[in-house]
Structures are given as C-alpha cells and as structure tokens.
Amino acid sequence: MSDSSTNSVPTTAKVVVLGAGIVGNCVVGHLARLGWKDMVLIDKGPLPNPGGSTGHASNFIFPVDHNKEMALLGEQSANQYRDMDLSVDAGGIEVARTQERMDELQRRMTSAKAWGIEAHLLTPAEVKELVPFINEKVILGGFYCPTVSVVDSLETGTTMRKEAIETAGLQVFANTEVLDVLTDDTPRPNGRRKVTGVVTDKGTIEAEHVVIACGVWSNRIAYMADTYIPLVPAVHQMADVGPMDILAETNNEIGYPIVRDMDTFCYERQSSGSMEVGSYGHRAILHHPDEIPSNQEAALSPTEMPFTPDDFDDQMETAIELMDMLGEAEIKYAINGLLSLTPDGMPCLGEMPDVENLWSAAAVWVKEGPGMGQVVAEWMTYGNPRVIDSHGADIARFYDEEKSDAHIWARAEESFIKTYGIVHPAEQWAGERQLVQSPYRSRQEDLGAEFFQARVWERPQWYGSNADLVERYDLSEREVEWDNRWWSPITVGEHLNLRENCGMIDLSAFQIYELEGPGAVAFADYLAVNKVDVPVGRSVYTPWLTHDGGFHSDLTMMRLGEETVRIVTGVFDGGRDDFWIRKHMPNDGSVTFRNITKEISTLGLWGPNAPAVLGQLTDHDLSQDGSPCGSYLDATIAGVECKLFRISYVGDTGWEIYVPWDRATDVWDAVLEAGKDHGLRITGGGVYSLSGRIEKGYRLVGAELESEYNPVEAGLARPKVKAADFIGKEAYLAAREAGAEVQCVTLSVEDNTDSQGRKRYMQGGNEPILDMNGDRIIDSHGRASRVTTAGYAPSVGKMLLMGYVPNELAEPGTDLQVMYMNELYPCKVVGSGSAFDPEDTRLKG
Amino acid sequence: MKILVCVKRVPAPGAKINVTGDGMDVDSAHLGFTTSPHEECGVEGAIQLKEEHGGEVTVLTLGGGEAEEQLRYAASVGADHGVLVKTDGAPWDPQRTAAAIAEAIGDLETDDPFDLILFGNESADAGGFQVGIRVAHALGRPIVQGIKGIDVGDGSVTARREIDGGFEVYELPRTCVLGVKEGLNLPRYPTMKGRLASKKLEIQTVDGNADAGGMARVRLRRPAEQVSETIILGEGPKAASAVVDVLEELGVL
Amino acid sequence: MLLVILEHDRGELVEAAREALTFGRALAEKMDTDLEAALIGSDHDDLVEAAGAFGAQTVHTCTHDVLSDYGPDAFGAVVAQMIDSLSPDAVLACGSDRGNEVMAQAAARLDVPFVSNCTDATPGDPWSITRVQWGGSLLEDTTLEADVPMLTCGLHTVPAEAGNAQDADAEEFDAELDASHAVTIVKDRVVQEAGVTLPTAPVVVGGGRGVGSENGFAPLEELATLLGGRVGCSRAVTNLGWRPHSDQVGQTGTRIAPEIYIATGISGAIQHWVGAMASKHILAINTDREANMVVKADWAVIADLHEVIPAITEEIKRRRG
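I will try to describe carefully the structure that is included in this document. (Residues numbered from 1 in each chain as written. Chains lettered and ligands numbered in written order. Predicted model: local features only at pLDDT ≥ 70, side-chain atom pairs only at ≥ 80, totals over all residues. Heavy atoms only, no water.)

### Observations regarding the overall build of chain C
Secondary structure assignment for chain C yields nine helices and 17 strands. Viewed in the frame of its principal axes, chain C has a C-alpha envelope of about 65 × 40 × 35 Å. In chain C, buried positions account for 58% of the 321 residues. Across chain C, contacts joining residues at least 24 apart in sequence account for 62% of those joining residues at least 6 apart. Surface accessibility of chain C: about 12100 Å² in total, with carbon and sulfur atoms responsible for 44%. Averaging the coordinates of the 21 positive side-chain charges in chain C and doing the same for the 49 negative ones gives two points 13 Å apart. (Helix = DSSP H or I, 4+ residues; strand = E, 2+ residues; numbered from the N terminus. Buried < 20%, exposed > 50% of the residue type's maximum accessible area, 1.4 Å probe, protein only. Contact = heavy atoms within 4.5 Å. Areas by Shrake-Rupley, 256 points an atom, 1.4 Å probe, with all protein chains shown as cover. Lys, Arg positive; Asp, Glu negative; His and termini not counted. Charge placed at Lys NZ, Arg CZ, Asp CG, Glu CD.)

### What to know about the environment of A:Glu155
Mapping A:Glu155 onto the fold places it in helix 5 (residues 153–168). Spatially, the C-alpha atom of A:Glu155 lies 8.2 Å from that of A:Pro48, the residues being 107 residues apart in sequence.

### Structural notes on the packing of helix 4 (residues 131–138) of chain B against helix 4 (residues 97–110) of chain C
Helix-helix packing: each pair is described by the crossing angle between the helix axes and the interaxial distance. Close contact between helix 4 of chain B and helix 4 of chain C brings their axes to 9 Å; oriented N to C, the two are set at 40°. Judged by the inter-axis angle, helix 4 of chain B sits oblique to helix 4 of chain C. Between helix 4 of chain B and helix 4 of chain C lies a crossing of right-handed hand. Contacts between helix 4 of chain B and helix 4 of chain C involve B:Ile133, B:Arg134 and B:His137 from the former and C:Glu101, C:Ala104, C:Gln105, C:Ala107, C:Ala108 and C:Arg109 from the latter. Among the residues making up the contact of helix 4 of chain B with helix 4 of chain C, the classes are represented as four nonpolar, two polar and three charged. (Axes fitted to C-alpha atoms, helices over the stretch in contact; angles between N-to-C directions. Parallel < 35°, antiparallel > 145°, perpendicular 65-115°, else oblique. Left-handed = near helix turned anticlockwise from the far one by under 90°. Nonpolar A, V, L, I, M, F, W, Y, C, P; charged D, E, K, R; others polar.)

### Side note on helix 2 (residues 68–76) of chain B
Every buried residue belonging to helix 2 of chain B is among B:Gln70, B:Leu71, B:Ala74, B:Ala75 and B:Ser76, and all of these are buried. Remark: B:Gly78 follows helix 2 of chain B within two positions and exhibits a positive phi of approximately 130°.

### What to know about the packing of aromatic side chains
Residues and elements named next belong to chain A. Counted according to the given criterion, the structure contains 23 aromatic pairs over all chains. Pairing Tyr-280 with Trp-365 gives two aromatic rings, centres 6.3 Å apart and planes at 10°, and the pair type is stacked. A residue pair is termed long-range when its members are at least 10 positions apart, and Tyr-280 in the loop between strand 16 (274–279) and strand 17 (304–306) and Trp-365 in the loop between strand 21 (358–362) and helix 9 (369–382) qualify at 85 residues. With 6.3 Å between their ring centres and 35° between their planes, Phe-645 and Tyr-658 make a pair best called tilted. Residue Phe-645 is located in strand 32 (residues 640–646), and its partner Tyr-658 is located in strand 33 (residues 654–660); the two are separated by 13 residues in the primary sequence. (Phe/Tyr/Trp six-rings, centres within 6.5 Å; stacked < 30°, edge-to-face > 60°.)

### Describing the interface of chain C and chain B
Note on interface size: it is often stated as the accessible area lost on association of the parts. Opposite the 87 residues of chain C that make contact, chain B presents 78 residues. When the two sides are added together, the surface that chain C and chain B hide from each other amounts to roughly 6800 Å², 57% of it contributed by carbon and sulfur. Considering only the surface of chain C that becomes buried against chain B, C:Trp134, C:Asp141 and C:Arg319 emerge as the three largest contributors, covering 11% of it. Remark: the boundary between chain C and chain B carries 46 residue pairs in polar contact (both at pLDDT 80 or more). For the side of chain C that touches chain B, the leading source of residues is helix 4 of chain C, giving nine residues. Here the side of chain C that touches chain B is built from residues that sort into 39 nonpolar, 26 polar and 22 charged. (Buried area = accessible area lost by both parts, 1.4 Å probe. Polar contact = N/O pair within 3.5 Å; in protein donor to acceptor, adjacent residues only side chain to side chain.)

### As for the side chain of A:Asn466
Residue and element names in this part refer to chain A. Structurally, Asn-466 can be placed in the loop between strand 23 (457–463) and helix 12 (468–472). Given a relative accessible area of 1%, Asn-466 falls into the buried group. Here Arg-681 takes part through its side chain, which lies 3.1 Å from a polar atom of the side chain of Asn-466. Excluding residues within four positions of it along the chain, Asn-466 makes contact with Ile-490, Glu-494, Arg-681 and Ile-682.

### A word on the side chain of B:Thr87
All names here are of chain B. Tracing the sequence through the fold places Thr-87 in the loop between strand 5 (81–86) and helix 3 (94–108). A polar contact is formed between the side chain of Thr-87 and the backbone nitrogen of Gly-89, at a distance of 3.0 Å. Those residues within four positions of Thr-87 in sequence are excluded, and the remaining contacts are Leu-62, Gly-63, Gly-64 and Trp-92.

### A look at unusual backbone geometry
The omega torsion of the bond from A:Gly242 to A:Pro243 falls at -5°, within 30 degrees of zero and hence cis. You can see A:Pro243 is positioned in the loop between strand 13 (232–242) and helix 7 (245–248). A cis amide bond, omega 5°, links C:Asp125 with the succeeding residue C:Pro126. On the secondary structure map, C:Pro126 appears in the loop between strand 7 (115–122) and strand 8 (127–133). Residues other than glycine seldom take positive phi values, yet A:Asp840 does so here, at roughly 60°. Mapping A:Asp840 onto the fold places it in the loop between strand 40 (823–831) and helix 22 (841–844). You can call A:Asp840 partly exposed: its relative accessible area is 25%. The phi dihedral of C:Asp32 is positive, around 55°, even though this residue is not glycine. Structurally, C:Asp32 is set in the loop between helix 1 (15–31) and strand 4 (35–40). Judged by relative accessible area, which is 71%, C:Asp32 ranks as exposed.

By themselves, these observations are geometric and do not establish any function.
In structure tokens form, the structure reads like this:
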C-alpha cells in the first residue's frame, strides 16, 4: 500500500490537465504564461518520466514539412526548445536512393524556402564528408538541413511544469489515476454537454476546464466523458546498436548529423557511442489502449513494448547497406515504441465539439510539443490559437463516420507506411471509401466518375464519359508524371465546355444547417460579418471571424423565413462550422439548430446555357429580375419541390439547386435530359473547386482564408460595417482602421517551362512567392508570401496562382517569381479581382 | 568440441506478474519472451568455449513453435544448430520434460555424441531444479549444478561452483553435464549481422514424446499481498536525519 | 515415517536443515507418522542430538570414503538406497542448492517424481502441494502421485523452531558406493573473501539503473562500508557491466537477508524482489512513489538517490563524531 501522507487532490480547480508528458507539461507552462491560475496536473505514472511516448522519444526535429501547420509549429517548437537551452543543432540529412526521392528532395528544398529554413542539396560525396561512415555508393544525394535539432523533451517538460508551479501555483499529482471524467448531461439546445470535473483515485476535483493530454491513452480518457478522440496507439520500432568507436570518439551525445533514409523507411541517429536505428517500414502494428500494460506490468515502460525482431529485419539489412559499421554492432536495446496515429495524420487539438470546456491536446509528437501546448493554451484563453492557424489540427474537423475504431485502425494501417513516404498533395486514400455517398452514386459510376474523397464524402473530380472533350478542345496530358498524377485533361475539357455551354455539378457534400426560432436571425447576425437580417428570399455570402478578427469560415447564409436561416458551407469545413454554431448559440431556447445535410442534396448548374436548360423545367422567370443574384426561389422541377439559389462559384451564370435527398435522382435525370441539346455535360470538382474558382479569384477557407488573415487583407471587406454586433467585430474594425499591408492577389505564371524544357504545373502546396532576387517576401507580421491556390486556368490559357503580397508588390503587372520543385518561374500580378471576365458580365447576363 | 545447450523460453515480466483467467498459466499478453537467464549464460559459455577450442554449438529447446525464437536468438550470438523438441506449448512437468529431452538427445547422438551438455540450474518460471539432473542420468553422464566457471582441458572439465565466501572446484570427464548459473559470464548481445544470419538457421524439429509424470498443476496464483504502509521519511536530502534515526533504532549504526 | 535429509557443514546442522526439521515435524504430524532424519557423510553425536532437539526420533547416519566431502552423485545415491531400504512414507529436504540437487539426484536414480520448494504439503491420494514459481512471486498448487513423495521445502518458508525434543537414536546405514560415485566429489575449495559477504551482510545498500554509471556506485560503497555492510545491485546493473554478477541481488543472483536493505534507484522488478524479500527491513530511495520497491518497503525517501545518499553518509559521520 502506498503511504497515507500523500496529499489528496483539491476539491476544485479552474483547470485540470491530464497527462504529464511533453504536451501536458507544455500546456500548463503556456497557460501559466497566459496568466491562468488554480491549475492541477495529473498523471498516473511517476515523475519525471511517467512512461508515455515522451519517455522513449527519439527527440529530433526535422523542421521542413510540406504541411504549413506542421512546419511552422515544428519550427516554433524547435525555437522554444532552443530558448530553454535544451536543444542542440545536430543537423540532419535526408538521403535519396531513388530518382523519385531525388525529385522529392527538390520539393523539400521548396518547402524549406517557403518556411525560411536553411537547406542544401548535397552530392553523395558531400554527404560522406558530413557522415564519413555512410556508404555513399547507395545514395544519389542528400537534403541537408543544418538546423535539425536534438532536444531533451523530458527536461523541457519538467522545466515547463516547474515554471507553472513557481509562477502560477500549479499543483502536481503523479501516480494518480483518473477514473472518470464528469459531465453535466442536461440536454441543451446546442446539443453539447459540459465538463464538470474528474474523479481520481485520490479524490474528485470539480473543474471548469479539463484538458486531455494523455498521449496514447487519450481516447480511453475521452470514453470516460462519452466522447471520442480519433487516435490509435501504433508501434514504431527502434533499436540501439553499439558501441562504435567513431561515434564514441565524438565525446558527444550527438556529434554527427542525423540521417533519414526515407526510401527504406529508416533513420539513424547517434546516441553517444551507439546508433539509434528507427523504422517506419514495418507492418502497421496497432494496439487498443486497453492492451497497454500498466507501469507495474511493463518490463520497461508502458509505451516501450516488447520488440518483435521479425518486423525489423528488412530495415536492419538496408541500414547495414547504408552504414556498414552497424553490421558488427551489438543490438543492446530494442523496442516496439508506442506513438499516436490519427486518421488523417494531423493532431487532435481544441475544444471537444460535444463537450464544453473539455479540451483535446493529443496525437502530438515531441517535435511539435511546445508549439501545440501553446496552441491549446491560446485556444483556451482567446477562443482561437494565435501562434498559427490550426484548422488542420482542430479536433472539430471530424465527422461522425470518422469517429470509430474501425475507421481509425484502417486509416492508420494505410497511412503508417506513408510516414516516410512520398505523398502527392492530391493523393487519395485507397481504403475506407464510400463512407457517405451522394444519391447520384450509381449514375456517377455509370458515367465513369473519378471519385475523390472529401473527408467522408465522395465527389467526382471528373467524369470518364467526358473523355471526348479532350479531343474536342485539343487537350493533352501533362509532361511530367508528378504534375499529371491525380489529374486529367478531361477536367480542362469539362471547364471549357461549361464556359461554352453549361455543366451540372454534384454538390451533395455541402453541409447544410438550419437555425430556427425567435433568436435565429439575431444569432446568425452575431456569427457573420455581413448582414444576415435581409428580406426573406435573399442571402448573404459572408465570412465568420474568430474573436481576433481572422477567418474562421466563409459561407452562404439564406433568409428562409422570418425566423429561419439556412447556412451552406463546404465539406472540408463542416465539422468546424457545426461546432462554431453550437459553441456560440444561445441556450435559452430562442434558437434551435438542425444539421439537414443528409436531407438536402445540391446540384450546381452553370454556364451560358444554364438559364435555357433550367427554363425547360420550370415556368419561373429566370432572368436577373425574376431570379436575381443572391436570391433564391421555390420551384418545382420534375415534380420535385426545389429551391433555386442564384449564386455561382465558377464565374458563369447559374444556380445551386437544393433538392430533397430522396427525390434527388429525379431532378438529376430531368436536368441532364433538358440539357441534351444545350451541350450540358456532367462536370466534376476539378472545375468547381479549382479551375472555375481560380479564374475568378474566389477565395477559399483553408487556402486564402485562414485565421491569420482578415477580410481587409483578403479583399472581402464591404464598404460598410453593419451595426449589429458579431464575433470579431472589434478586431475587424481595428483592421479596417489600420488598413492592410498585404493583399490577396491572383498571379499568372508567365513561363512554366523548367530547366529541362518541360512544362510544369504548380500544385498549390505553399510554393514560395519570391521577389526578383529570389528572396522570400515577408510582411511585418512575419507572414511569408506563398501560393495558397494554384491551378491551370483553361479560359485564360495560363497557370494561375493566388497568394498574399505586400501592397507595394500588388500592382497588376508586377513581376515576381514562384519556386516549384526548386526551380524559379516568372510570374506577374494579375490583380486582386478576377483574371477571367473581370467585370462579371457572365454573371450579370 | 560438440557442445549442447538446453534452453527454455520464458516470459520477461516487469514489477507485477499476472495469471490467466483460468489460473493455468502466466498472462503473457503484454510480455516479451526471452531465454531463461541461467541458460542465456549457458549459451554464451558454450560459444566462448567454441571460440577457444573450436567445434560447434547446438541449442535445444522443448516447447511450441514460438520457442523457435529462442533458438534463433542463440544463433544470432553464435550457435550453429537449433533443435526444437515440439510440444503443444503447454507447461510440462519436469519428469515429462526431461524424458522427452533425453530421448531427443539420444536420437541426436546416434552418430556423434556431444562432449559437454549445459543446462540452466533451474528455469526462471517453474524452478524445478531437476530437469538437467534427470537428463544427465538418462544419458549416463555425471552432472554438477550451480556452475559459474568452466575450463575445458584435454580429458576433463574443471567446473567452479560458488559458495558463501568462495567456490568449490569439481573435475569431471569431458563428456559431462553441467547445470550453470547466471554469473558464468556476461552474455553478448546479437549484432545486426548475427540477427540476420540467424534467420537462415535451419531448425531441426522432432516430436516431444513422453508420458506425464507425477505432478499435475491445479492452478497458479499470486501469494497474498502483505499490505503494509510505507512510512515516508521525507522527500529530499533533509530526510537523512530521519533515515539515520531508523538505522540507529535497528542497531546497525 | 517421514525421512528428512539433513544438510550439515563443519560439524553443525545448517539453518536449512533446522528449517527442514521444523517443516517435517508438522508434516509428520499431518501424516500421523514418525519423524526420522538422515545424516550423510557424518555420524557425529552433536548432529544427532541437534536433530533430536527438533523432533527426530531416529537419525540414520551414513559414512564412507566416498562421502568424505560433498558430491551430488554419492549423496544422491545414498538417499536413493535409503528409500529402497528404509521405505519411508515420504522424503523431505530443505530447498537449498544442495538440498534440491541431492533430492533431484535421488529422484532421477529412482525415476520418481520430486517436487521442489514447497510451501505447503498435505498427504492424501494424491498429495496436495503448494510450491513457489518465479522464485516466490507466484504460487503453484499441484497434486502429486507418487509411491514415496520426495519434496524440498522452500528456504525460509518456516522459521527454524526446535520442538517435540527426542532422545534420538543413531542408526548406521550401509551404503553401496564405489569410484563411479566419486566422479562428482568436490575436488577443492577456494576461499576468496573473509569478512562480510552479500548473503550474510547485516546491511546491504543496493543500486539500480538509476545510479547512472559504474562510478556512480562510489557513494553507495562509502555508505555500505560505514554501516559494515555490502553493496548489492539489480540485474540491469550487472547486464550493463557496471558491477560483477556476485553483487546482484535477485532470483538468479544472490538472495539477501540483512537487517536492513537500502534499495536506491531500484524499481523492484519481481526477479529483484525475490532476491530482496527475505530482508528484515527495507528502506527505499526513489523518485517514484509508486515503484514496486517503494510500495513494499517499510520506509521510503522520495528523492534522487544522488542527493540523499551523501546526505545520509554525512549525517552518520556527524553523529559518530
């Protein structure tokens, strides 16, 4: 029995943080810095090392990542480690064994440039100079980053925790197990419950906020609150081999750069006289949290599980191939180490959508620990993170179909091998498809649809039945395989046909909500920048801001009735928007919220012939008078009651047709039939999401519109600000007052020929926009100009890019450069409006 | 020299060991497996003797297919041959185990007898203290237990056994059996190449044949926990005073 | 009758033998039979008398050239012959190294079952026996079917206690032994250290992986010396090569029984606990309040051993003046 003199936990606290690994420690440290007091930190294991993933982490940070959030948070974290003097710049080299990897290294160089991280491409001989024991004959080159750092995550966590103890009176309880998370389940209009405290084996704490930072155990804790954090504990093998003289002679924990041999899914990192060899190349070995042994039962620690040597043999062979000296070194220590995997590879941060004040700080690796601790702490303090836009890591992003063990396990199995893989920005998942389907599925299959997945929805990106358009418009495949991957010239054909005739697009993945009640309109106005209180039958396209005045959403709101507002938003933002509504809506019963996504399907019909097509199906006046832009009307199409909403996201006139889900195919068939003589083609997402949009310069949430930018900078500020209050109004007014130093513009790539004479096509993966000296363009907030969207514009005949540039570089005609795959291409600023039909004549016709 | 080492696959627990629901075995769900510690030293000892005197080392184990892992581990540190005396993997009583092993060794020796045969003094789990002795008798060879030092001469083997404050010395013919204990040596770890080479080991599998002995397991269970409170004397160097008080009370000061 | 094989050294019964007699006395009562003993390699009156003090009615003594010193074959042969000739109802020895070895030798000769390290035995058809596994971390309940059950009782299962004193008769036993039994006789004995050894030290200061290095043991050495004790260590430490195996406290190392075991930076894996559990008192120094060693200890200091051990040493020196 343990002693009775252990203090029992306090009965109340403002914040209880569960988990004292790198994340939990950094959360309390950052909360303390933000002025929080009355906090409690709990872990079921001992301190300083409670036995979680932090305790056996390899502790190195390779800062270059193609993903913006991961790159910037990694760099942020690396700097926090440096500030605490718990970091050493060891340098790191990603070696390439294949030409494909060499190409990827060019992409790495580009991302390094985008984020301002020093990087160099090395020849095999140059690699060998830095790492003399490498066999340079098996590599083609290397990507060297001198600021790859090795950190002491355990000490960092301890330091942050101690800081919180000293400055904020944090109370810490090790060896204390959480038995339950308490919630107030009283039904409320917003459908959310509320956390009220935690039960531990040393007493119950009533708490206002509870943060789950339990690493691989996070979902088990989430279950206690009847909620779900989509992560699975997964194995990553590592072995310590040595000693080897050449390493011991450095007299240093780490004297040589770390080597990532990604083609063989391995890394080699010196650890004093030994080499730590890690592998991401084995089969996905997943564990249910309940299978993780306790601190008592584990031979080493709960997250250092027994090694399965068979799974490591391939990596052993290839590691010896790269570094011969490893062959004779003894394997002194080897484990199946546990870490967390999520279905989409991004962490789970933020407030639980269904439980108020219950926060998730999970699926974070050492490399982003401090930064993500800060993200969660700021989220709790300001209502949104300030250090970086975190929509990709926001736990609210998940749909219900993603919140199942079966789904996460299947995704983790597919994604694990991609940890060191070369992943195309448009790459689609092979498994776990058709989680949700539109009503048109079988028709789309018959039309040869190429389905892309949008979270849990399936959207045709283009249709094989339109292959004849390739010849009609004399189109061709792209020269370089990478640019051609997950792309087809059919999509260009569909675009041109839409602009010439018309196209019908399946938009069933739209997330549709309805607010109803006496308080609905006022609440809707509180969410939105632009005025929602418009006459019934009208709509407004509006941003929703964070409390700091940055973009949270950008969507359509329709006044359906005196007390009814319909909201339509994109599939990638549905989770976060649903949460945002629930979080802010009043609970006095004046507003009800319904998610009617699966009750209504949407078809888009646009093009010069769209009015003619639709005119055959309804007697309604479809002219600009009868059906003005931004308005909707009720009509019966093929015997089905629909709403016709005059709006276009592709720059040609037309409608979004809202159809009852169970009658959707009737309308589909009717429109296609009516369009036969008007050149109507079924058209895919390639046009809707990209080519149509980019030609018009329409901004998109998650691309141009992020919380780091405000409507003034994005060029979406209207002449007047409505009188009603709304979230972020104060910050928005201040931004209008201050004016913007950057603008969102469209640029055209003047010559996309690379050094080998091949035409290249940017992917929209944060390629850096550079000045004519090839330098990064950074504004006073430290934001670098980068490509937020890239796409070929068929009606313009050029490759177009979108991004933010400083005012002085935003004049139309300004010459700039874009880097793609480590080569520079000349571009010109087109302007902050549309590259195609800038006067919007097609929309007004 | 031809050396045979008999090893047993045992789980590697932490600070707490669990029993399966039916009480018939250790719950090894979370556990890794290893060669029982005395035998690990036996394997290392055999390999050192091979390195010194030339010859080859065979490792033998009785168990289910999963026990091949221990044979391959031995190969990864230098053993030449592996023999699996295959059973259903359930724990066997010591008489049955010894009988099956003795028969298997007898078959292995039809052409070419072993010089030295090593057993662990006792296995980490069952701790029967008798399998090696029974096998030695079945094979008509002398055996001494508790050995922590082996020297091989021309016609004899000198073996050292630790006692309190020193050691006893035994001298046996070269064809003998020794029950060794951990401390015999510090076993080497496998090298990466050793591990890869071990995958090529061709394991000879023979059926384990023997009748059950007189013991039959009813169940395994944990001993009753002696619940007593630990008195915390303090949480830092300041506790030194309280500690010395205790030492004084006990009369060890 | 129940025949107890007695281990002796330099003219005295060892503690193990006294424990065996104590255990045997209770077992003989359960069996409703007489308690008898066997002395192999000696016929000294002192030993016979000592056995009598613990309840043995008859002591069968066996002397022979081949029994001039310990030898497992010879001793085992004698036990086997005694079983054949004297027809005991059961045979018992203490589960010391020699006890288990001799009984196994005899059982192998007779090809009969032998159950080692029992904590409890109940006669019957079959016998019901409880024995230790994992050095004592688990118990095994087993049945035993045998004409003449052969058992050893686990060391320290029962404390030695004299009782039911008898005026024991000594009976000579003639064993048939020859040179073949002499092959495994002890040839030589080497004394390596005088003074306090780990198994007999009154104080043991143990260090685990937390000590950090070979040199890190210096403060532990100092403390142990001050207290007239020895330094012990965990298996992790000997595997790392920081200390010789003879310092290892554990199931496959040495079992200690000091007045106090000061365990520092040791989490307390079960195989280590087995080596330490016979300690009369335990003080644990560890940063982990829930470490197995701390939970099982009588006292604990929750702190870094590197800070605490020097402080203890200082305090001792201060008090001694």
